[in-house]
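Here is what each chain is made of, one letter per residue.
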Amino acid sequence: MSTYTRITYQIVFATRNRVAALEKKNRDELFMHIAGILKNKKCHNLAVNGVADHIHILCELHPTIALANLVKDIKLGTTDMIKRNRFFPAFPGWQEGYGAFTYSRNDREKLIQYVRNQEAHHQTEDFIKEYLRMLDEAEIDYDTQYVP
């Protein structure tokens, strides 16, 4: 018997201390690099985007891939790419943790648009409010001292 899954994750993580280091001019290369990592891991990329201090990745995991390993590979791979290409001189690295939220298939198109429209969205809601809202909507208990 084969394995069949469709688990849609929105993965969110910030730069260390939320430093606004991800300059707009090189973000597309960063997002394309993440898309390449997802492809190499046999994950389906739905959308990758972000702003100066954090990113959102919307993807479907391949059944052989553990979420924590995928996030680790993305962080390590992008850190190496950023340093090698000197894309973001003020980049301090990624925060230690991440948020990962699952969604139903019915939310897919709305989520794709949400991730693609991060610049506009963050004109009205900062990252902390957004992240706390996502945690609350997912009914995840959290300690505010560990919120990025």
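If you're wondering where the values come from, they're calculated on a predicted model, not measured in any experiment.

*Asks:* Quick question: what am I supposed to make of the sheet that holds strand β1 (residues 8-14) here?
*Replies:* Within a sheet, adjacent strands bond to each other through the backbone by hydrogen bonds, running parallel or antiparallel. Pairing in this open sheet of four strands is antiparallel, and the strands run β2-β3-β1-β4 from one edge to the other. In this open sheet, the two strands that pair with only one neighbour each are β2 (44-51) and β4 (99-103). The sheet shows a mean angle of 15° between the axes of neighbouring strands, taken without regard to direction. The sheet contact formed by β1 and strand β3 (residues 54-60) spans seven bridges and is antiparallel. Of the residues in β3, the one forming a bridge with Y9 is C59. Packing of helix α3 (residues 108-116) onto the sheet brings it into contact with β1, β2, β3 and β4, and relative to β2 it is tilted by some 35°.

*Asks:* Sorry if this is basic, but what is going on with the environment of A14 here?
*Replies:* Here A14 is to be found in strand β1. A residue is classified by how much of its surface remains accessible, and A14, at 0% relative accessible area, is buried. Placed 112 residues apart in sequence, A14 and D126 show a C-alpha to C-alpha distance of 12 Å. Setting aside residues up to four positions removed in sequence, A14 forms contacts with D53, H54, W94, Q95, F127 and P148.

The rules behind the values
Residues numbered from 1 in each chain as written. Predicted model: local features only at pLDDT ≥ 70, side-chain atom pairs only at ≥ 80, totals over all residues. Heavy atoms only, no water. Pairing = 2+ DSSP bridges. Helix = DSSP H or I, 4+ residues; strand = E, 2+ residues; numbered from the N terminus. Axes fitted to C-alpha atoms, helices over the stretch in contact; angles between N-to-C directions. Contact = heavy atoms within 4.5 Å. Buried < 20%, exposed > 50% of the residue type's maximum accessible area, 1.4 Å probe, protein only.

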